[in-house]
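Residue-level listing of the chains:
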Amino acid sequence: MKKPKKQKQSVIYILFFVACVLVLWITGCSQKTQTAQTSCSQPKPNIVLILTDDLGWGDVSCYGATKIQTPNIDRLAAGGIRFTNGYAPSSTCTPTRYAIMTGQYGWRQSTRRTGILDGDAPLAIAPGSFTLPAMLQQAGYKTALVGKWHLGLGDGKTVVNFNDKIAPGPLEVGFDQAFFIPATVDRVPCVFIENHHVAKLAPADPIRVSYRGPLGNEPAGRDHPEMLKVPADNQHADVVINGISRIGYMTGGQDARWVDENITDTLADRTVTFLEQNKDRPFFLYLGTHDPHVPHMPHPRFRGKSGCGIRGDAIVQLDWLVGKVMSTLDTLGVADNTLVIFTSDNGPVLFDGYFDGSLEDVNGHQPAGGLHGWKYLVYEGGTRVPLIVRWPAKIRSGTTTDQMFCLVDLLSTCATITGQSIPPDTAIDSMELSDVLLGKTDRQIRNAVIQHGISDTLSIRQADWKFIPANAKRQTTGIGRGANPKDQRFAESIITEDLLFNLADDPAETKNIIDQHPQKAKQLKSLMEKIEQYGHR
Ligand code: NG6
Ligand code: CA
């Protein structure tokens, strides 16, 4: 007997319903298994932060440079996410590094607000503070500094004795180990420090350091130009080390003095050793490169390789270093779960004290990629920097984003990535942007950033708007530094009237439109004051 049509239909419906439930149940289960696997089998990512020195937004080929080729940096970008609106918190080194470490803008420091520190300056961060490396140490990471420090040494109560234990320093603010350039390569002391002591120092040849006047019989560059590999201006005309006159004076420590041409190779060796020794545990490597800061003195194998002068050659050398880091991670089999962050501490500069032809030989290369201004300034060229993030296990390769990210955000962002929390009232400028860093969202989360220039000048960018308050009294330096003297725009770095730009229409900050948009300027000014008072969080 035939089943009635209606009954047949209901059987089909029931079967269909049961099938759907089964499918949903199976998919749910497999998803759960995947999540469980990810959380169990995915160990905390290693973190490598490559912080270059004075590399501009336009200095590498994946950011549009055509004259200089940076294949390794480009490959890093191709394997991850590239930010077109990445910002350094300052247009000079020390305040940027302070912000990365502490999650607070450098100009919040009450004592030494701008602070491009000399090599004998005290530690800018209070020992035991909550810092990026200290937080990662807490999370079980092995933490290391290799390269430029520039955040001071010692407690400031007594003068640092470079022949004795040098502390507090990096080890007192979160690093398990450190091999570092104390300040800048153009400043004394011209020696590496390993943990608490000057490396390779012979006790019979003690070091003395002064920023006040000559020491011993050490010749000064201004008196002995015949000793120099490269002529320098009067600020860089003090003691001659390795044929290069520096800022400041030192005597002794002959065996410990670095050879500028070998600095990048030394940092590469130290990096490789650290990675090899720590490949089996979560590690954090903060690699502060010297390149392409002055003095430009790349190893002879890179000389003439860029076609854009010696500063360009230093960028080619930097690219080699990045390649070395990448190939080491590959060889050790840890690249997949290593978060590599590549960026710069401030914008570029072509002349910064040494007459080495960097300006004359630039060959049309545009270090700031067409942005206005240079290192030291609050214009975009001063603080907008390359920012590339690669983590093959988590970040889609070949992505570009125009989302804003400021390096001060690294602390909160890495806290989330590593499952740590930020104590209340600390890191007030550091925004949690892990979704942005990992390319998971299109939503603009950070929509304003404060930019800091020399002499504590400040500006603000919010969305497409940029406001620079007049600061004629405070901006005392900048002119003549790193600027093409023919570039009239540079004269504007002494800012005598409030400026407002729309970066969408005018990315090079050429047209002050404050008269057309006085309300906008007012709004940005008060936002700036609010952030100055309360921070970003
Ligand atoms: C400046 C130096 C400059 C450079 C800079 C620090 C003079 C005139 N200029 O004071 O050569 O060393 O400090 O650069 O002394 S930074 O990238 O570390 O901020
Ligand atoms: Ca710098």
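Here is what the cut-offs are and how they apply
- Residues numbered from 1 in each chain as written.
- Chains lettered and ligands numbered in written order.
- Predicted model: local features only at pLDDT ≥ 70, side-chain atom pairs only at ≥ 80, totals over all residues.
- Heavy atoms only, no water.
- Buried < 20%, exposed > 50% of the residue type's maximum accessible area, 1.4 Å probe, protein only.
- Helix = DSSP H or I, 4+ residues; strand = E, 2+ residues; numbered from the N terminus.
- Pairing = 2+ DSSP bridges.
- Donors = N, O, S within 2.8 Å, 3.2 Å for Na, K, Ca; no water.
- Tetrahedral: all angles 85-135°; square planar, octahedral: opposite > 155°, others 65-115°.
- Axes fitted to C-alpha atoms, helices over the stretch in contact; angles between N-to-C directions.
- Parallel < 35°, antiparallel > 145°, perpendicular 65-115°, else oblique.
- Contact = heavy atoms within 4.5 Å.
- Nonpolar A, V, L, I, M, F, W, Y, C, P; charged D, E, K, R; others polar.
- Near = heavy atom within 4 Å.
- Polar contact = N/O pair within 3.5 Å; in protein donor to acceptor, adjacent residues only side chain to side chain.
- Areas by Shrake-Rupley, 256 points an atom, 1.4 Å probe, with all protein chains shown as cover.
- 1 Å grid on protein atoms, 1.4 Å probe; cavity = no way out; pocket = protein on both sides within 12 Å on 5 of 7 lines; lining within 4 Å.
- Points joined across faces, edges and corners; volume = space filled by probe spheres on them.

Participant: Summarise the pairing of strand β2 (residues 81–87); cite the residues concerned and give the values.
Facilitator: Across the seven residues that make up β2, a large majority, six, are buried. With three bridges joining them, β2 and strand β13 (residues 387–390) adopt antiparallel strand pairing. What sits directly across from R82, in β13, is I388. As judged from the six bridges shared by β2 and strand β14 (residues 399–406), these two strands associate in the parallel manner. Bridge pairing in β14 links F83 to T401.

Participant: For the coordination of the calcium ion (ligand 2), give the residues involved together with the corresponding values.
Facilitator: The expected angle between donors at a tetrahedral four-coordinate metal is 109.5 degrees. At an octahedral six-coordinate metal it is 90 or 180 degrees. On the protein side, the calcium ion (ligand 2) has D53 (OD), D54 (OD), D345 (OD), D345 (OD) and N346 (OD1) as donor atoms, found 2.2 to 2.7 Å from it. Angles of 52 to 175° at the metal separate the six donor atoms of the calcium ion (ligand 2), which places the site in the irregular class. Mapped onto the sequence, the donors of the calcium ion (ligand 2) take the spacing D-D-x290-D-N. Of this pair, D53 sits in the loop between β1 (46–52) and α2 (71–78) while N346 sits in the loop between β12 (338–344) and α7 (380–383), and the two are 293 residues apart along the sequence. Take N346: its relative accessible area is 0%, and that puts it in the buried class.

Participant: I'd like to hear about the packing of α2 against helix α6 (residues 309–331), residue by residue, with values.
Facilitator: Close contact between α2 and α6 brings their axes to 7 Å; oriented N to C, the two are set at 50°. Put simply, α2 runs oblique to α6. The segment α2 lies against α6, with P71, N72, I73, R75 and L76 engaging D319, W320, V322, G323 and M326. When grouped by side-chain class, the residues that make up the contact of α2 with α6 number six nonpolar, two polar and two charged.

Participant: How would you summarise helix α8 (residues 410–417) if you had to cite specific residues and measurements?
Facilitator: Most of α8 is tucked away: seven of the eight residues are buried. Considered for burial, the residues of α8 that qualify are L410, L411, S412, T413, C414, A415 and I417. Elements that come into contact with the buried residues of α8 comprise β1, α3 (93–102), α4 (132–138), β12, β14 and α9 (434–437). Phi turns positive one or two residues past the end of α8, at G419, with a value near 75°.

Participant: I'd like a rundown of the site of ligand 1, residues and numbers included.
Facilitator: With respect to spatial proximity, 19 residues lie near ligand 1, and among them C93, D186, R187, H236 and K375 are the closest. A distance of 2.8 Å separates an oxygen atom of ligand 1 from a polar side-chain atom of R187. In isolation ligand 1 offers 450 Å² of accessible surface; the protein chains occlude 92% of this area. Here the shell around ligand 1 is built from residues that sort into four nonpolar, seven polar and eight charged.

Participant: Can you lay out the pairing of strand β16 (residues 457–462) for me, pointing to particular residues and giving the numbers?
Facilitator: Counted residue by residue, β16 has six buried out of six residues, so it is predominantly covered. Residue alternation in β16 divides its side chains into two sets, T457, S459 and R461 and L458, I460 and Q462, and both sets are buried. Note: strand β15 (residues 448–453) against β16, six bridges, orientation antiparallel. Across the sheet, residue G453 finds its bridge partner in β16, namely T457. Across three bridges, β16 lies against strand β17 (residues 465–468) in antiparallel orientation. For I460, the partnering residue across the bridge sits in β17 and is F467. Between the antiparallel neighbours β16 and β17 lie two residues, among them A463 with a positive phi of about 50°.

Participant: Got a sec to walk through the sheet that holds β15? Specific residues and values, please.
Facilitator: If you walk across this open sheet you meet the four strands as β15-β16-β17-β18, and the pairing is antiparallel. For this open sheet the edge positions go to β15 and β18 (499–502), each flanked by a neighbour on one side alone. With strand direction ignored, the average angle separating the axes of adjacent strands in the sheet is 20°. Of the strand pairs in this sheet, β17 and β18 are connected by four bridges, and their pairing is antiparallel. Across the sheet, the residue bridging to K466 is F501, located in β18. On top of the sheet, helix α10 (residues 518–534) reaches β15, β16, β17 and β18; it is set at about 115° to β16, its chief contact.

Participant: Describe empty space enclosed by the protein, and please don't skip the residues or the numbers.
Facilitator: Taken as a whole and assessed by the stated rule, the structure comprises two cavities of 30 Å³ or more. The computed volume of the largest cavity comes to approximately 50 Å³. Lining the largest cavity are D260, I263, T264, H290, D291, P295, H296, M297, P298 and Q317. Here the lining of the largest cavity is composed, by residue class, of four nonpolar, four polar and two charged. Looking at the second largest cavity, its volume works out to about 30 Å³. What lines the second largest cavity is simply D118, G119, D120, A121, H150, G152, L153, P182 and A183. Residue composition of the lining of the second largest cavity, grouped by class: four nonpolar, three polar and two charged.

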